[in-house]
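Chain by chain, the residues run as shown.
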Amino acid sequence: MADAPLYEAVGISKSYGHVTALFDVNFSVNPGEIVGLVGDNGAGKSTLIKILSGVHPPDRGKIRLDGVERTWKSPHDAIEAGIETLYQDSGLAPDLTIGSNVFLGREKLKPGILGRLGFLDQKAMERQAAEELKRVGIAVSGSRRTVSDLSGGQRQAVAIGRAIAWARKVIMLDEPTNHLGARQSIEVLSVMRSAKEQGLGVIFISHTLPHVLEVTDRVVVLRLGRVVRDAATSEFDAESLLGTITGLIEAS
Ligand SMILES: Nc1ncnc2c1ncn2[C@@H]1O[C@H](COP(=O)(O)OP(=O)(O)OP(=O)(O)O)[C@@H](O)[C@H]1O
Ligand SMILES: [Mg+2]
């Protein structure tokens, strides 16, 4: 379907026990678009990302990629379809090198950006990892260092670089600037812009509203598990976005 969104959630509901985390949520991202997903703590943002990345199945609703309905049995299925996720509680393996972390779990996947090289030995892998991180605008020196030697911000940079290096269609970033300093946060925003320029659909979750207003094309506001606003970023200013999130401004 030519005019279908790149990636779409339709009528998604999800409960944990008797907590309704999401109710009848519609959400989409288009190629070359950065969509901000915002809402207070507990609004359901991470739950939606986990459904879109195959971690949790929805209780109700559909997921469509390029207009085709898909069912993810595991995160592996979503990754194979070109969807990469940086989770809020993102896992790098601290005892492995940066290079090994970039390749973690990829050994059996279909050729991606790096796959064209075929089998890679450790050295080549580390060199290639450094090149890939640099290509997406992330400079962490020495890809042979283990991740446990890095600062929180540097780890985050590796995690983001890994996700963007592998994404073929969609990249979802759940609070990627958490724990980052001002300069590193600005770098993350510029990495998102380059992902957008490559034609990826980018989903950006953040509580830092100036960043959301600066980098996104469209904003979706969740409140208590429901979408209360889905509008072009140009329709918001800092005050109206905050008001929509908190409910002080009633959504139209
Ligand atoms: N694994 C789980 N088991 C039970 N309840 C959960 C689980 N994960 C999330 N919830 C509940 O679902 C609701 C939505 O949580 P979610 O993590 O999606 O919010 P969020 O918008 O990402 O919040 P934050 O901004 O704090 O990260 C909350 O009420 C939360 O307590
Ligand atoms: Mg969350």
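This text follows the structure it describes.
Residues numbered from 1 in each chain as written. Chains lettered and ligands numbered in written order. Predicted model: local features only at pLDDT ≥ 70, side-chain atom pairs only at ≥ 80, totals over all residues. Heavy atoms only, no water.

**Student:** Describe the overall build of the protein, naming the residues involved and giving the relevant values.
**Tutor:** Of regular secondary structure, the protein possesses 8 helices and 10 strands. Each of the 252 residues in the protein was classed as buried or not, and the buried ones make up 51%. Taking the contacts inside the protein whose residues are at least 6 apart along the sequence as the reference set, 66% of them involve residues at least 24 apart. As displayed, the protein has an accessible area near 12,000 Å², and 51% of this comes from carbon and sulfur atoms. (Helix = DSSP H or I, 4+ residues; strand = E, 2+ residues; numbered from the N terminus. Buried < 20%, exposed > 50% of the residue type's maximum accessible area, 1.4 Å probe, protein only. Contact = heavy atoms within 4.5 Å. Areas by Shrake-Rupley, 256 points an atom, 1.4 Å probe, with all protein chains shown as cover.)

**Student:** How would you sum up the sheet that holds strand 4 (residues 60-65)? Please name residues and give values.
**Tutor:** Taken together, the 4 strands give an open sheet; going across it, the order is 2-1-4-5, and neighbouring strands pair in antiparallel fashion. Edge positions in the open sheet fall to strand 2 (19-29) and strand 5 (68-70), since each of these has one partner strand only. Taken over all neighbouring pairs, the strand axes of this sheet differ in orientation by 30 degrees on average, direction set aside. As paired strands, strand 4 and strand 5 are joined by 3 bridges and run antiparallel to one another. (Pairing = 2+ DSSP bridges. Axes fitted to C-alpha atoms, helices over the stretch in contact; angles between N-to-C directions.)

**Student:** Account for the nonpolar core, naming residues and giving values.
**Tutor:** Core analysis: the biggest nonpolar cluster contains 40 residues, and Val38, Ile171, Met192, Val221 and Leu241 have the highest contact counts within it. Take this core: its biggest share by element is 6 residues, from helix 5 (residues 152-166). Apart from the residues lying within four places of it in its own chain, the contact partners of Met192 are Ile34, Leu173, Val202, Phe204 and Val215. In this structure, Ile12, Val29, Ile49 and Val220 belong to the second largest nonpolar core, which totals 27 residues. (Core = buried A, V, L, I, M, F, W, Y, C linked by side-chain atoms within 4.5 Å.)

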